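Structural overview
Below, each chain spelled out in residue letters.
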Amino acid sequence: MLNMYRSAPEILREIYGYDAFRPGQEAIINAVVEGRDCLVLMPTGGGKSLCYQIPAMVRPGVGIVVSPLIALMQDQVAALRQAGVAAAFLNSTVPWFEQGEIKDALIRGSLDLLYLAPERLLQEETLALLENAELALFAIDEAHCVSQWGHDFRQDYLGLNVLAQRFPAVPRMALTATADARTRGEIVNRLALKGPMRFVSSFDRPNIRYSVRIKDGAGKQLAAFLEEHRGEPGIVYCLSRRKVEETAEALRALGHDALPYHAGMASAQRATHQMRFLRQDGVVIVATVAFGMGIDKPDVRFVAHVDLPKSVEAYYQETGRAGRDGEPAEAWMVYGLQDVVRLRQMVEQSAADDQHKRIERSKLDALLGWCEVTACRRAALLRYFGDEPPAECGNCDVCLAPPKTWDGTVEAQKLMSCIVRTGQRFGAAHVIDVLRGRDTPKVRQHRHAELSTFGIGADLTDTQWRSLLRQLVARGYVDSDPGRYGALTLARSARPLLRGEVAVTLREETKLARSKKKPATTNRDHGFQIGATDEPLWEALRECRLRLADQAGLPPYVVFHDATLREFVRLRPASLDAMLRVHGVGQSKLERYGEEFLAVLAEHPQHSAGSTSPAA
Ligand code: ADP
Ligand code: ZN
């Protein structure tokens, strides 16, 4: 594609096959094309790559992309080459003779993009090589890795400030999906960006539907959720290795193509499972949080958490792996009192110093508060990241089925008094027995039937008391002491509530039947659903894609995204010209794959009118 100096919109159309820029992309591209340094904050899946790939093609010279993730480099380069872009990467996995060819191409000026890990870039040999090449820009991906306060600090990133000294005339872009105000400042300083333009996109991922459920037989709940996503690729996160193994096995028994992934597995097997997830259709990966960094699979249809993550940031990052292609996706989580207790315990027992523990505690509290929200879940999430979202989104569990709330002040007082009267020494089960006035051996042993709180809670069920307790723990009124088998104690903040100076509004526990509504069709145009009559064509197109991908040794989505196949079904292009007008079809892919897909389409003539009309 080299040296044709096309405009950004032309490249978008011809190379990527997209009609329009996403919010923010064009302004960023223009700034870099003009030679400005930039700081770009965009959520995962927002479309950051285009923001440096296109200017690298518009400006003379090669764009240098710094990325810490080798797997990600390989996939991006493969996808770019498919689209006809002269892209390459240099790292230890590249054979030496090929390295020589890439270096030659770099000096000759016949590369559009070169991907490098920071440690490679910073070698004197590489820097000297770059000084002999014409450079379009530096794009520093995952730029938050330069921040020592961030959660992904990498020593190598600190060295990247040499770029400012050795290549003062080359524009530099720092890109990240996670950076609070403090980290942003650090990125600008440590990378020595010069008068950078700052672009901060909304953190909203409108195609992701968020829902959080109370644990009530997590295995069954997960099975029911996965039933709705049968055959679709997704990620299930668990806290422990053992649970990963067990869950993967249970899902396999239910006929899902589920594979475990955790740090305790042999690395070869881990790599195989990751590869299968990327390359095959419909694999469910069951993993600890060890999985996901650098996974750039755009068609992940769901991310399920059967254990709580550590913070809202972690949750947002993990769920952000769903639906990068903009198609409907689900972020689904179940949690219960046990999770709260266990995570609190992990914080207290960690080796961190007091200040860090305090931070971790407050991050966990923010997450728990978010789990228990009684208003739009998305709005709460976005406010956490400093956005100012509309009050309702229409695509989260709360908006779709608003929970009933009730004034639980009196019941909370009863529960807390009972905790105090029994000496703050007992766990949930016994405290509830006392409240409900049960005659158990433990009650007899401790003579708890004589307490004033014995039997004052007979009007609520065990489930209701547990729900109340969980919400009080989540809100920090009651603590559960892991050192003493989960003994319940009152937090300092419980006093005003006990004295009736504050009230507490609680969620009413409904065993929500899952909403039958299909995931959102709100903010973006993904209204078209494959109907039963189109099913054979859809499957045939997917088979064709898998076959072509296998032949090329590529993941299927590199051939075409789901959205593009769906457009084939809807529009039924009958010629190469018509196919070129479909979203996601560029010139290079048309030449490579057009005929094959046309043949499949021709084998499936449309039966009757109406079968392809877009769903309302
Ligand atoms: P990020 O790096 O920000 O996580 P990517 O650059 O991987 O996101 O983009 C996510 C997905 O969105 C990719 O599949 C990409 O092809 C697609 N995409 C990016 N920009 C556009 C656009 N303007 N129109 C349609 N799809 C786009
Ligand atoms: Zn909502």
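Residues numbered from 1 in each chain as written. Chains lettered and ligands numbered in written order. Predicted model: local features only at pLDDT ≥ 70, side-chain atom pairs only at ≥ 80, totals over all residues. Heavy atoms only, no water.

The helix and strand tally for the chain stands at 28 helices and 17 strands. Taken over C-alpha atoms, the radius of gyration comes to 27 Å for the chain, in line with the 25 Å a tight globule of 616 residues would show. Taking the principal axes of its C-alpha atoms as reference, the chain extends roughly 90 × 65 × 45 Å. Counting across all 616 residues of the chain, residues that qualify as buried make up 52%. In the chain, once contacts between residues fewer than 6 apart in sequence are set aside, the share between residues at least 24 apart is 72%. (Helix = DSSP H or I, 4+ residues; strand = E, 2+ residues; numbered from the N terminus. Rg over C-alpha atoms; globule rule 2.2 N^0.38 Å. Buried < 20%, exposed > 50% of the residue type's maximum accessible area, 1.4 Å probe, protein only. Contact = heavy atoms within 4.5 Å.)

What follows is about the site of ligand 1. Inspection of the region around ligand 1 gives 18 residues, with Tyr18, Ala20, Gly45, Lys48 and Ser49 positioned closest. Here Arg324 contributes a side-chain N or O atom positioned 3.1 Å from an oxygen atom of ligand 1. Burial of ligand 1 by the protein chains amounts to 87% of its free accessible area of 570 Å². Examining the composition of the shell around ligand 1, we find that 3 residues originate from one element, helix 3 (residues 48–58), more than from any other. Taken together, the residues of the shell around ligand 1 sort by class into 6 nonpolar, 8 polar and 4 charged. (Near = heavy atom within 4 Å. Polar contact = N/O pair within 3.5 Å; in protein donor to acceptor, adjacent residues only side chain to side chain. Areas by Shrake-Rupley, 256 points an atom, 1.4 Å probe, with all protein chains shown as cover. Nonpolar A, V, L, I, M, F, W, Y, C, P; charged D, E, K, R; others polar.)

So, about the domain arrangement of the chain. For the chain, the assigned domains are domain 1 (8–200), domain 2 (208–335 + 373–400), domain 3 (405–507) and domain 4 (526–603). Domain 3 and domain 4 are separated by 59 Å when their C-alpha centres are compared. (Domains from an automatic or database assignment.)

Moving on to the sheet that holds strand 8 (residues 208–214). Ordered by their spatial adjacency, 6 strands build an open sheet running 8-13-12-9-11-10, and the pairing between neighbours is parallel. What marks the edges here is a single partner per strand, and that holds for strand 8 and strand 10 (258–261). Strand-to-strand twist in this sheet, taken as the mean axis angle between neighbours without regard to direction, amounts to 15 degrees. Judged from the 4 bridges that link them, strand 9 (residues 234–237) and strand 11 (residues 284–287) form a sheet pairing that is parallel. From the neighbouring strand, Val236 faces strand 11, where its bridge partner is Val286. Packed on one face of the sheet, helix 11 (residues 218–227) meets strand 8, strand 9, strand 11, strand 12 (302–305) and strand 13 (329–335) and runs near 170 degrees to strand 13. (Pairing = 2+ DSSP bridges. Axes fitted to C-alpha atoms, helices over the stretch in contact; angles between N-to-C directions.)

As a packed pair, helix 19 (residues 409–421) and helix 20 (residues 428–436) sit with axes 10 Å apart at the nearest point and diverge in direction by 115 degrees. In terms of orientation, helix 19 lies roughly perpendicular with respect to helix 20. Viewed along their axes, helix 19 and helix 20 form a crossing whose handedness is right-handed. Residue-level contacts link Lys414, Leu415, Cys418 and Ile419 of helix 19 to Val431, Val434 and Leu435 of helix 20. The class makeup of the residues in the contact of helix 19 with helix 20 is 6 nonpolar, no polar and 1 charged. (Parallel < 35°, antiparallel > 145°, perpendicular 65-115°, else oblique. Left-handed = near helix turned anticlockwise from the far one by under 90°.)

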